[in-house]
Amino acid sequence: MGVQGLTGFVEERGVFFTELRVRDTKLVIDGSSLYHRLCFAPAADFRRGGDYGAFAAAVRDFFGTLRSCRVAPFVVLDGGRGAEDRKLPTLRGRAAEQLRAAHGLSRGAGGCLAPLLTREAFVQALGRLGVPFVQCFAEADREIAALANSWGCPVLSLDSDFCVFDLAGGYCPLSHFQWESVRAADGPQGCYVPARCFSAERFCRHFGRLNKSLLPLFAVMNGNDYVGLAALEAFFSKVRLPTGCAAGKGGRHLRLQGLLNWLAQFAEPTEAVENVLKYLKKHQREEIRELLCTSMEDYAPSDVNLEDFFQNGRYECEAARKADVPQWVLDALAKGKLAPFIINALILRSTILRVQVENMQRPSAHCASLPIRQVIYGLLLGVSQNTEAASPSKQTHELPVVCEFDRCQKTIKKTFVQAASPPTDFCDDRFPLDKLMEVNGCHNRSRLTVFHE
């Protein structure tokens, strides 16, 4: 996750970190990074569907440690893929990597793959422990940064994108957060968690006069989850980066360092972008300019007010409003009562079904739940019983279709699945999605069962 090669680069150079004693503070936690970190414990068994009891115990112990150090955690989880779906190529690539890991595990090889229900088990554990959490409409990075800055507290994650955000309280990598080695301090201050905090100021000083405002441009040009290096290969093939930074053995880090040194000569991002464009053909310049400027906005703190959510329980998001997501769906998503699967199906008509360890020669286990998913799609996309009763020729044109990415033997393939209407005794056509919560009485249990994946 994050900026290509940046984690390895900063880890090799300890000068970018400061020592930190974490206690008596709020802490904004990247929930996706945390549950993967806790899931991938050295003794974990990934071949048999997951040991959720041990995982839940690790979650309990982690937050128990924070409580003993008087740390107030606020967990922020990623939601769906977002209305623009810009990260789809990256997510498909990750699904392919996970499939290779699953295949290896199924044949007795080593490897790590988060069990299918890890996220759900994590959300349930947070609820039992009373840990405040929110699930965002889309990727959570910008909202994490905004919340941490509003409180002036650190961010705990394992995502190098947080080296790029301008964070008032700093970024603590989970790899340096020694929560299992709590130490007692002399005096009344009590125990603390030893940690290391990435210092953007130290990082920029390492490259001379590099302005922090140029870090988002560096992240975009170096390649992240949204922009690949291929888009700027013409620039890198022509520009003369500072001496000693040519590609070759270890070239990714060398080019990364060369790019930072090159950017240090500019006072602000607009000037740097104009100089990048000079190396491109004229017909490419406007397209690349728009790509760079749009992508840099991914590192601007979000205007979503998570502080208000944690106080009042209402999640307001402009992107969700533009996508016409009903407020009850957004509220349920934010409170973890609906899975990101729901929001992806609703606004993108697309979903990526999680890879798991299974016999790769047999059909995907997700085939068993296909009829249930079809009804969920029908509820989300407004399929009526009258539409489904139409002639086959009219069904082809009128029934909504959802694109599913799922395993087919040892590859990830997409198929198009037609939505279906709910059973006739569930509800009638008076209940579109924005009114679905009005289905009452005997239908309540059915409604909750269908939607709570």
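Shown above is the structure to which this text applies.
Residues numbered from 1 in each chain as written. Predicted model: local features only at pLDDT ≥ 70, side-chain atom pairs only at ≥ 80, totals over all residues. Heavy atoms only, no water.

Topic: the sheet that holds strand S11 (residues 411–418)
Think of a sheet as strands paired side by side through backbone hydrogen bonds, with each pair either parallel or antiparallel. Defined as follows: At least two DSSP bridges between two strands are needed for those strands to be called paired. Strands here are runs of E lasting at least two residues and helices are runs of H or I lasting at least four, both read from the DSSP assignment and numbered beginning at the N terminus. Helix axes use the C-alpha atoms of the stretch in contact, all axes being lines fitted to C-alpha atoms, and the angles between their N-to-C directions lie in the range 0 to 180 degrees. Working rule for contacts: check all heavy atoms of both residues, and any pair within 4.5 Å makes them a contact.
Taken in spatial order, the three strands make up an open sheet running S9-S10-S11, and their pairing is mixed. Every other strand in the sheet has two partners, leaving strand S9 (350–352) and S11 as the edge strands with one partner each. Taken pair by pair, the neighbouring strands of this sheet meet at an average axis angle of 25 degrees, ignoring direction. Bridge count for S9 against strand S10 (residues 401–408) is three bridges, and the pairing is parallel. In the strand pairing of S10, Ser350 is matched with Cys403. Its contacts with the sheet put helix H4 (residues 88–106) on S9, S10 and S11, and the angle it makes with S11 is roughly 120 degrees.

Overview of empty space enclosed by the protein
Quick note on the threshold: In this analysis the probe radius is 1.4 Å and the grid spacing 1 Å, with only protein atoms considered; a cavity is a set of points the probe fits into but cannot get out of, a pocket is an open set with protein on both sides within 12 Å along at least five of seven lines, and lining residues have an atom within 4 Å of a point. Grid points are joined across faces, edges and corners, and a volume is the space filled by probe spheres set on the points. Just so you know the grouping, Ala, Val, Leu, Ile, Met, Phe, Trp, Tyr, Cys and Pro go in nonpolar, Asp, Glu, Lys and Arg go in charged, and all remaining residues, Gly too, go in polar.
Scanning all chains against the criterion turns up one cavity of 30 Å³ or more. Of the volumes computed, that of the largest cavity is approximately 30 Å³. What lines the largest cavity is Leu6, Cys163, Val164, Phe198, Phe203, Leu215 and Phe218. Residue composition of the lining of the largest cavity, by class: seven nonpolar, no polar and no charged.

Points about the environment of Arg183
Heads up, the rule is: Throughout, exposure labels follow a simple rule: accessible area from a 1.4 Å probe, protein chains only, divided by the maximum for the residue type, with under 20% read as buried, over 50% as exposed, and the rest as partly exposed.
Note that Arg183 resides in strand S7 (residues 183–184). For Arg183, a relative accessible area of 41% corresponds to the partly exposed category. Expressed as a C-alpha distance, the spacing of Arg183 and Val193, which sit ten residues apart in the sequence, is 6.5 Å. Leave out the neighbours within four places in its chain, and Arg183 touches Gln178, Cys191, Tyr192 and Pro194.

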